[in-house]
Amino acid sequence: TSYIDLYLIHWPGKAKAAPDAGEHEEGRHGSWRALEEAKASGVLRHIGVSNFNSRQLERLAAVATVVPEVNQVELHPYFPQDELTETCARLE
């Protein structure tokens, strides 16, 4: 095939930056724009994220042309992440 079926941004932060640094959001948005362009060109079929929380997803969705199709996270009966699940359903 001449395309990648699914490509994810693995982690919502920048290495060695302070937790509240604006660099994280700038990096997420810049990376997402690059994925949107690759999807538009046909190189990627689906794009998504991994380990994003509700706030990060909502902020990304506010500037995105394409909403993430996947948010790969840990989710099971002992860690249901109800708020995140609700956010994902609302952004679909």
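Structure's up top.
Each chain carries its own residue numbering, running from 1 in the written order of its sequence. Given that this is a predicted model, residues contribute local features only at a pLDDT of at least 70 and side-chain atom pairs are listed and counted only at 80 or more, while totals for whole chains, interfaces and linings are drawn from all residues. Only hydrogens and water are removed before side-chain values are computed, so all heavy atoms of the structure are retained for them.

1. Notes on the overall build of the chain
For the purposes of this entry, the term helix denotes a DSSP run of H or I that reaches at least four residues, the term strand denotes a run of E that reaches at least two, and both are numbered from the N terminus. Looking only at helices and strands, the chain has 3 helices and 3 strands in total. Along the chain, from the amino end to the carboxyl end, the secondary structure elements read β-α-β-α-β-α. Against the compact-globule benchmark of 12 Å for 92 residues, the chain has a radius of gyration of 14 Å, which places it among compact chains. Taken along its principal axes, the extent of the C-alpha atoms in the chain is 40 × 30 × 20 Å. A buried classification covers 29% of the 92 residues belonging to the chain. Here a residue-residue contact requires only that any non-hydrogen atoms of the pair lie within 4.5 Å. Within the chain, counting contacts between residues at least 6 apart in sequence, those at least 24 apart form 57% of the total. Here the chain displays about 6300 Å² of accessible surface, and carbon together with sulfur accounts for 53% of that area. Positive charges are assigned to Lys and Arg, negative charges to Asp and Glu, while His and the chain termini are left out of the count. For the purpose of locating charges, the reference atoms are NZ of Lys, CZ of Arg, CG of Asp and CD of Glu. On the chain, the mean spot of the 9 positive side-chain charges and the mean spot of the 14 negative ones are 6 Å from each other. Note that the radius of gyration is over C-alpha atoms, with the globule rule given as 2.2 Å times the number of residues to the power 0.38. Three exposure classes are used, based on accessible area relative to the maximum for each residue type with a 1.4 Å probe and protein chains only: buried under 20%, partly exposed in between, and exposed over 50%. Exposure was quantified through the Shrake-Rupley algorithm and a 1.4 Å probe, taking into account, for residues, occlusion by the shown protein chains and nothing else.

2. Some words on the pairing of strand 2 (residues 44–50)
By the criterion of burial, strand 2 is predominantly enclosed, with 5 of the 7 residues buried. Alignment of strand 1 (residues 4–9) against strand 2, held across 5 bridges, turns out to be parallel. Counterpart to isoleucine 4 in the pairing with strand 2 is leucine 44. Note on the crossover from strand 1 through helix 1 (residues 23–40) to strand 2: the handedness is right-handed. Whether two strands pair comes down to DSSP finding at least two bridges between them. Judged from the 2 bridges that link them, strand 2 and strand 3 (residues 71–72) form a sheet pairing that is parallel. The partner of serine 50 across the bridge, within strand 3, is glutamine 72. A crossover gets the label right-handed when its path from the first strand over the helix to the second runs clockwise, viewed with the strands pointing away from the viewer. A crossover links strand 2 with its parallel partner strand 3, the connecting element being helix 2 (residues 54–63), and its sense is right-handed.

3. A few points about the pattern of salt bridges
For this analysis, a salt bridge means a side-chain nitrogen from Lys or Arg found within 4 Å of a carboxyl oxygen belonging to Asp or Glu. This model, assessed by the stated rule, comprises 4 salt bridges. Between lysine 39 and glutamate 69 there is a salt bridge; the shortest N-O distance is 2.9 Å. Of this pair, lysine 39 sits in helix 1 while glutamate 69 is found in the loop between helix 2 and strand 3, placing the two residues 30 residues apart along the sequence. By relative accessible area, lysine 39 is classed as partly exposed at 26%. The residue arginine 90 makes a salt bridge to glutamate 58 at a minimum N-O spacing of 2.6 Å. Pair noted here: arginine 90 is in helix 3 (residues 82–91) and glutamate 58 is in helix 2, with a separation of 32 residues, a long-range link.

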